[in-house]
Amino acid sequence: MSIHKKTIGILGGGQLARMLVLKAHQMGLSTVVLAEKLSDPAVQIANSWIKSSISSNQSIKDIRKLMLICDVITFESEFISAELLKKALKGRKSTKILPSLECLGRIQDRLKQKEWLWDYELPTLDHVKINSREDIDLAFKAFDQKVVFKKRTGGYDGYGTFVIKSLTELSAFKKSIKNEEFNYIIEPFIQFKSEKSLIFARNTLGQTVSFPMIQSVQKNNQCDYVFGPVTHAAEKNLKNKIIKFLNQINYVGTIAFELFDLGNKLVINEIAPRVHNTGHFSQDALSIDQFELHLRCVLGMNLPEIEMKQPAFVMVNLLGLSTRIPTIKKFPTGAFHWYNKTENRPRRKMGHVNYIGRSKQKILKKALLERKGILL
């Protein structure tokens, strides 16, 4: 039974949606998930479920059905078509989808996202929009024959990203994307010191809070573990610029900025308009986590000040290594979060473990050692 009268609709049924549902129930809210399968992580625990794929025009009627029974709708992924949601919203002014569809539409297209960053003078890497096949050769020369092709939509965890470092590789890649060139942008390939992230939450009242800066370590272009807090000389200035940007675009919800640390400066690699893998540490390390912040934001509730429970935190992802049923040989001492996915496979995010303590080095060593006791 919910004690709040509000009902939250969530588009998508994965682990991020699951953690939003868990938090919503803890807050006394009711939840409805729109997803494909009964076995999806969020569907298993939601108050109710609407079966739909969210990826075709046929889902418009299902999204409208969701709108009729929810006070506010949010999403767990930026890969839901903003255009599709706009069609579903047509003629229905009472239902809010937050973050806004304008923000979603711009951020889900890497070209529009890049242009937005440039428009608001936020630091990011140079990029080339492909208008013709000649642009590819010109960019390759301009960027010292080391480039990164990024798919404009749908790319994540390294999918849709292609590093090209020779004329031979370029020739083969051009053939593989023939007639699809316009679906990519080109960036220079750069060597960075590390990857970091900054996570913010902004509510409908215009209040904004931010998390301590996080460092993430990647394995096969996928987040393996994070630790923090970390600092950088450019952090304060960048945070101020981002908050100004969020106010100007009237963003509502939790949002993550993935960063490259180039040593003397920080540049924004990508934006995720949602709760984020690098923010999972907040469930156990902070006085409020990213999931509660997101729900507070979309409901127009006040945002409390954020406090750290201990001076250091670590989060290790539990990524599938096989198709066998995962087992625990030795239970970790950290806070264990399992997504209850019915199938295991290589690179699939199956869960994570959070650790807090006084020393980053000590808890990181413990976290990586204890993770070996979980057989994936």
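Our subject is the structure that appears above.
Reference entry: report on the structure contained in this document. In this text the structure is predicted, and so the values were computed from the model without any measurement.

1. Side note on helix 7 (residues 167-176)
Among the residues of helix 7, Leu170, Phe173 and Lys174 are the ones counted as buried. Mapping the buried residues of helix 7 onto a view down its axis gives an arc of 100°, with all of them on the same face. Away from the buried face of helix 7 by more than 90 degrees, exposed residues Thr168, Lys175 and Ser176 are located. The elements touched by buried residues of helix 7 are helix 6 (133-142), strand 7 (147-151), strand 8 (161-164) and strand 9 (184-188).

2. Examining the pattern of salt bridges
Here the idea is simple: oppositely charged side chains can pair when their charged atoms come close. Overall, the coordinates contain 16 salt bridges when judged by the stated rule. A salt bridge links Glu187 to Lys114; the nearest nitrogen and oxygen atoms lie 3.1 Å apart. Here Glu187, found in strand 9, pairs with Lys114, found in helix 5 (residues 110-119); they are 73 residues apart in sequence, far enough to count as distant. Under the relative-accessibility criterion, Lys114 is labelled buried at 4%. Residues participating in the shared-partner salt-bridge network are Arg110, Lys114, Lys150, Glu187 and Glu270.

3. Things to note about the environment of Glu169
Secondary-structure assignment places Glu169 in helix 7. Here Glu169 falls in the partly exposed class, since its relative accessible area comes to 37%.

4. Focus on unusual backbone geometry
If a residue is not glycine, its phi is most likely negative; likewise, a peptide bond is most likely trans. Between Leu98 and Pro99 the backbone carries a cis peptide bond, its omega angle lying at -5°. The omega torsion of the bond from Gly228 to Pro229 falls at 0°, within 30 degrees of zero and hence cis. Secondary-structure assignment places Pro229 in the loop between strand 13 (222-228) and helix 8 (235-248). Of note, Asn179 is a non-glycine position whose phi angle comes to about 70°, a positive value. Positive phi is not limited to glycine here, since Asn250 has a value of about 55°. Summarising the element assignment, Asn250 is placed in the loop between helix 8 and strand 14 (253-261). Using a relative accessible area of 46% as the deciding quantity, one classes Asn250 as partly exposed.

5. Comments concerning the pairing of strand 4 (residues 72-75)
Here strand 4 shows a buried face lined by Val72 and Thr74 and a second buried face lined by Ile73 and Phe75. Examined bridge by bridge, strand 1 (residues 7-11) and strand 4 share four bridges and lie parallel to one another. Across the sheet, Ile10 pairs through a bridge with Thr74, a residue of strand 4. Strand direction decides the pairing type here: strand 4 and strand 5 (residues 96-97), joined by two bridges, are parallel. The residue bridging Ile73 from the neighbouring strand is Ile97, located in strand 5.

6. What to know about a nonpolar patch on the surface
Together, Phe79, Tyr156 and Tyr159 line one region of the surface with nonpolar side chains, adding up to about 310 Å² of accessible area. Positionally, Tyr156 belongs in the loop between strand 7 and strand 8. Owing to a relative accessible area of 44%, Tyr156 belongs among the partly exposed residues under this scheme.

7. Considerations on the sheet that holds strand 2 (residues 30-35)
Across the sheet, five strands lie side by side as 3-2-1-4-5; this open sheet has parallel pairing. Only two strands of the sheet have a single neighbouring strand rather than two, namely strand 3 (48-51) and strand 5. Seen against the sheet, helix 1 (residues 15-26) touches strand 1 and strand 2 and runs at an angle of roughly 165° to strand 2.

8. Here we look at the sheet that holds strand 6 (residues 128-129)
Sheet strands pair by backbone hydrogen bonding; their relative direction is either parallel or antiparallel. Taken together, the four strands give an open sheet; going across it, the order is 6-9-7-8, and neighbouring strands pair in antiparallel fashion. The open sheet is flanked by strand 6 and strand 8, the only strands paired with a single partner. Pairing between strand 7 and strand 8: four bridges, direction antiparallel. From the neighbouring strand, Val147 faces strand 8, where its bridge partner is Ile164. Contacting strand 6, strand 7, strand 8 and strand 9, helix 5 crosses the sheet at an angle of about 50° to strand 9. The sheet contacts of helix 7 involve strand 7, strand 8 and strand 9, and relative to strand 8 the element is tilted by about 145°.

9. Structural notes on the nonpolar core
Grouped together as the largest cluster of nonpolar side chains are 41 residues, with contacts concentrated most on Ile10, Val33, Phe281 and Leu293. Of all the secondary structure elements, the ones that give two or more residues to this core are strand 1, helix 1, strand 2, strand 10 (194-202), strand 13, helix 10 (290-299) and strand 16 (312-319). Considering every element that reaches this core, the biggest residue donor is helix 1, with six residues. Excluding residues that lie within four positions of it along the chain, Leu293 makes contacts with Ala201, Val209, Phe211, Thr254, Ile288, Leu303 and Ile306. In terms of nonpolar packing, the next biggest core, distinct from the first, is built from 35 residues, Ile107, Leu122, Val230 and Val353 among them.

10. Some remarks on the side chain of Glu181
Of note, Glu181 is situated in the loop between helix 7 and strand 9. Here Glu181 falls in the buried class, since its relative accessible area comes to 4%. Polar contacts involving the side chain of Glu181 include one to the main-chain amide nitrogen of Asn179, which spans 3.0 Å. When sequence neighbours within four positions are dropped, the list of residues in contact with Glu181 reads Ile130, Arg133 and Ile136.

11. Quick look at helix 11 (residues 360-371)
Each full turn of the α-helix corresponds to 3.6 residues, which orients residues three or four apart in the same direction. For helix 11, built from 12 residues, the straight-helix expectation of 16 Å at 1.5 Å per residue is met to within 8% by its first-to-last C-alpha distance of 16 Å. Three or more residues of helix 11 are buried, namely Ile363, Leu364, Ala367, Glu370 and Arg371. Buried residues of helix 11 fall within an arc of 140° about the axis and therefore sit on the same side. The exposed set on the far side of helix 11, more than 90 degrees from its buried face, consists of Gln361, Lys362, Lys365 and Leu369. Check the buried side of helix 11 and you find it contacts strand 13, strand 16, strand 19 (349-357) and strand 20 (374-375).

Cut-offs used in this document
Residues numbered from 1 in each chain as written. Predicted model: local features only at pLDDT ≥ 70, side-chain atom pairs only at ≥ 80, totals over all residues. Heavy atoms only, no water. Buried < 20%, exposed > 50% of the residue type's maximum accessible area, 1.4 Å probe, protein only. Helix = DSSP H or I, 4+ residues; strand = E, 2+ residues; numbered from the N terminus. Arc of directions from axis to C-beta. Contact = heavy atoms within 4.5 Å. Salt bridge = Lys/Arg side-chain N within 4 Å of Asp/Glu carboxyl O. Pairing = 2+ DSSP bridges. Patch = residues over 30% accessible without salt bridge, like charges linked within 9 Å, V, L, I, M, F, W, Y side chains within 5 Å. Areas by Shrake-Rupley, 256 points an atom, 1.4 Å probe, with all protein chains shown as cover. Axes fitted to C-alpha atoms, helices over the stretch in contact; angles between N-to-C directions. Core = buried A, V, L, I, M, F, W, Y, C linked by side-chain atoms within 4.5 Å. Polar contact = N/O pair within 3.5 Å; in protein donor to acceptor, adjacent residues only side chain to side chain. Expected span 1.5 Å × (residues − 1).

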